[in-house]
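# Understanding the architecture of this molecule
Chain by chain, the residues run as shown.
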Amino acid sequence: MKKIRINFTEYITPNPVFIDGISKSGKLVIDNIVSHMDRMELISMRYITDTIFDFVNTGLMNEDLALEIIGSQIDQRLWKNYLGRDLNTNKNDMSSVHSSRNPNEYFERMNRLDNDETYAEFLDSLKRDNPISPESTDDLFLKNEILLNHFKKLKFIVLFRHPLEIAYAWYINGRGTRYLDDDVRMGHHTYNVDGKKVPEFAIPWAEEYNKTLPIDRVLKSVYSSCSEYLMAYKNISNKNKNRILCLNFEKFVGDPEKNITEIEQFLNTKRSPLTQQLLSNQRVPRKFDISEFSAKYSILKKKSTGSYFELLMDVSKSYEATFKTIERVDEVLNEKPFGDRRYTIS
């Protein structure tokens, strides 16, 4: 049998950037600010990019093939943007052309012809304009070493959020059942493990996942995902640390100025004149509300099994120690008084 392997493309996208985090970590806030910055192309949100390494993890796909699909799709997206092709026109979506920094520019691009002359102009524009290509992703930070080694121009902006907040968002979003309900809106595949249907992250505990309460599935899933993210954060290699910008959601929404400046410097770009309005539309800056945090804590504790709630508490405390956040589950437990405080940048 002939040996066949994939040939890697010589990728042409000059500045790809993944804005990454666990699902429901608040990436929309960052996506919105970044997508309006100077030289920024229309932000992409493609489930194939999010899920393709699931296939690698399960042994269903070769790693080289996954990398080539990701790389070629990044280049294809930039070329299609140049042609005004395959644009999202839903007026409510973050990835819509209507939410871009210059919608009219994309409508004008629709008049371009797909021919050799236009392609030559496209290649010239990459050198002249040096565009930035943002993509909002889930869970790819866990593969940052592989991705950054392969894509030499790629950068990561990674958003971390308190595990209790993520767990509550998953609970409200119905994540305890939607993976098993064939809800196509989820965009994530499930796998058959000895007759048990589970999402990729639950493969190691497939039988348990199917037996437990939906809320307990949520808490253990968030525990597992947040633990992996914290481990990846602590293991960022020295050679890649300058290509990864890690942000904390709680600190960003409390006082965004420092982080926005960091993003500008990291991507070598400038914020939009609309930045303050964009922040205001998302209630940023916002003050920490201990009563709201406590209410979420109480709801999750009341509805879940004790051992699963303890898993959430364990990873929450690890998160708090790592990022020194004002949100602290021990303060809720002990009912200590809180003042009306903003988040501070440490």
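Everything below is about the structure shown above.
In what follows, the accompanying structure is described. All of these numbers come straight from a predicted model, not from anything done at the bench. (Residues numbered from 1 in each chain as written. Predicted model: local features only at pLDDT ≥ 70, side-chain atom pairs only at ≥ 80, totals over all residues. Heavy atoms only, no water.)

### What to know about the overall build of the chain
Helix and strand content of the chain: 16 helices and 6 strands. Rg of the C-alpha trace for the chain: 21 Å, near the compact-globule value of 20 Å for 346 residues, within the 12% margin. Principal-axis analysis of the C-alpha atoms places the extent of the chain at approximately 70 × 60 × 40 Å. Looking at the chain as a whole, 51% of its 346 residues qualify as buried. Long-range contacts, defined here as pairs at least 24 residues apart, represent 76% of the contacts in the chain between residues at least 6 apart. In the form shown here, the chain has an accessible surface area of approximately 17400 Å², with 48% of it arising from carbon and sulfur atoms. In the chain, 50 side chains carry a positive charge and 50 a negative one; their mean positions are 2 Å apart. (Helix = DSSP H or I, 4+ residues; strand = E, 2+ residues; numbered from the N terminus. Rg over C-alpha atoms; globule rule 2.2 N^0.38 Å. Buried < 20%, exposed > 50% of the residue type's maximum accessible area, 1.4 Å probe, protein only. Contact = heavy atoms within 4.5 Å. Areas by Shrake-Rupley, 256 points an atom, 1.4 Å probe, with all protein chains shown as cover. Lys, Arg positive; Asp, Glu negative; His and termini not counted. Charge placed at Lys NZ, Arg CZ, Asp CG, Glu CD.)

### A few points about the packing of helix H10 (residues 214-234) against helix H15 (residues 306-323)
Where H10 contacts H15, the axes come no closer than 9 Å and their chain directions differ by 25°. Between H10 and H15, the angle falls in the class roughly parallel. Considering the relative orientation of H10 and H15, their crossing is left-handed. Counting all contacts with H10, which are made through Asp-216, Leu-219, Lys-220, Val-222, Tyr-223, Cys-226, Ser-227, Leu-230, Tyr-233 and Lys-234, the residues of H15 involved are Tyr-308, Phe-309, Leu-311, Leu-312, Val-315, Ser-318, Tyr-319, Thr-322 and Phe-323. The residue makeup of the contact of H10 with H15, split by class, is 13 nonpolar, 3 polar and 3 charged. (Axes fitted to C-alpha atoms, helices over the stretch in contact; angles between N-to-C directions. Parallel < 35°, antiparallel > 145°, perpendicular 65-115°, else oblique. Left-handed = near helix turned anticlockwise from the far one by under 90°. Nonpolar A, V, L, I, M, F, W, Y, C, P; charged D, E, K, R; others polar.)

### Focus: the pattern of salt bridges
Overall, the coordinates contain 18 salt bridges when judged by the stated rule. The partner of Glu-105 in a salt bridge is Arg-109, and the shortest N-O contact between them spans 2.7 Å. Taken as a pair, Glu-105 and Arg-109 lie in helix H4 (residues 103-109) at a separation of 4 residues, close to a single helical turn. For Glu-105, a relative accessible area of 26% corresponds to the partly exposed category. The class for Arg-109 is buried, based on a relative accessible area of 7%. (Salt bridge = Lys/Arg side-chain N within 4 Å of Asp/Glu carboxyl O.)

### Brief notes about helix H14 (residues 290-303)
Between its first and last C-alpha atoms H14 spans 20 Å; for 14 residues at 1.5 Å apiece the expected length is 20 Å, and the two agree. Within H14, the full set of buried residues consists of Phe-293, Lys-296, Tyr-297 and Leu-300. The buried side chains of H14 occupy one side of the element, clustering within an arc of 100° when seen end-on. (Expected span 1.5 Å × (residues − 1). Arc of directions from axis to C-beta.)

### Considering the pairing of strand S1 (residues 16-21)
Where burial is concerned, most of S1 is hidden: 6 out of the 6 residues are buried. Where burial is concerned, the two faces of S1 agree: the one with Pro-16, Phe-18 and Asp-20 and the one with Val-17, Ile-19 and Gly-21 are both buried. Note that S1 and strand S2 (residues 133-138) share 6 bridges and pair parallel. From the neighbouring strand, Gly-21 faces S2, where its bridge partner is Asp-138. Here S1 runs beside strand S3 (residues 155-160); their pairing, made up of 4 bridges, is parallel. Pairing of Phe-18 across the sheet is with Phe-156, part of S3. (Pairing = 2+ DSSP bridges.)

### So, unusual backbone geometry
With an omega of 5°, the peptide bond running from Val-284 to Pro-285 counts as cis. Counting through the fold element by element, Pro-285 comes out in the loop between helix H13 (275-281) and H14. With phi around 55°, Asp-86 is a residue other than glycine that occupies positive phi space.

### Considerations on the packing of aromatic side chains
Enumeration according to the criterion identifies 22 aromatic pairs in this entry. Seen in terms of ring centroids, Phe-160 and Phe-323 are 5.0 Å apart; in terms of plane orientation they differ by 40°. Their pairing is tilted. One end of the pair, Phe-160, is in strand S3; the other, Phe-323, is in helix H15, and 163 residues separate them in sequence. By the burial criterion, Phe-160 is buried, and Phe-323 matches it. Following the ring pairs from residue to residue traces out a cluster consisting of Phe-18, Phe-141, Phe-156, Phe-160, Tyr-229, Tyr-233, Tyr-319 and Phe-323. Here the basic side chain of Arg-109 rests over the ring of Tyr-106, its NZ or CZ set 4.5 Å away from the ring centre. Lying across the ring of Trp-170, Arg-175 places its NZ or CZ 5.1 Å from the centre. (Phe/Tyr/Trp six-rings, centres within 6.5 Å; stacked < 30°, edge-to-face > 60°. Lys NZ or Arg CZ within 6 Å of the ring centre and 35° of its normal.)

### Comments concerning the layout of surface pockets
In this structure, the largest pocket occupies an estimated 1200 Å³ of space. Lining the largest pocket are 47 residues, and of these Ile-22, Ser-23, Lys-24, Lys-27 and Asp-138 lie nearest its centre. Listing elements by their share of the lining of the largest pocket, those giving two or more residues are helix H1 (27-35), helix H2 (47-57), S2, helix H7 (163-173), helix H8 (175-178) and H10. At 5 residues, the largest contribution of residues to the lining of the largest pocket is made by H2. Looking at the lining of the largest pocket, its residues break down into 18 nonpolar, 13 polar and 16 charged. (1 Å grid on protein atoms, 1.4 Å probe; cavity = no way out; pocket = protein on both sides within 12 Å on 5 of 7 lines; lining within 4 Å. Points joined across faces, edges and corners; volume = space filled by probe spheres on them.)

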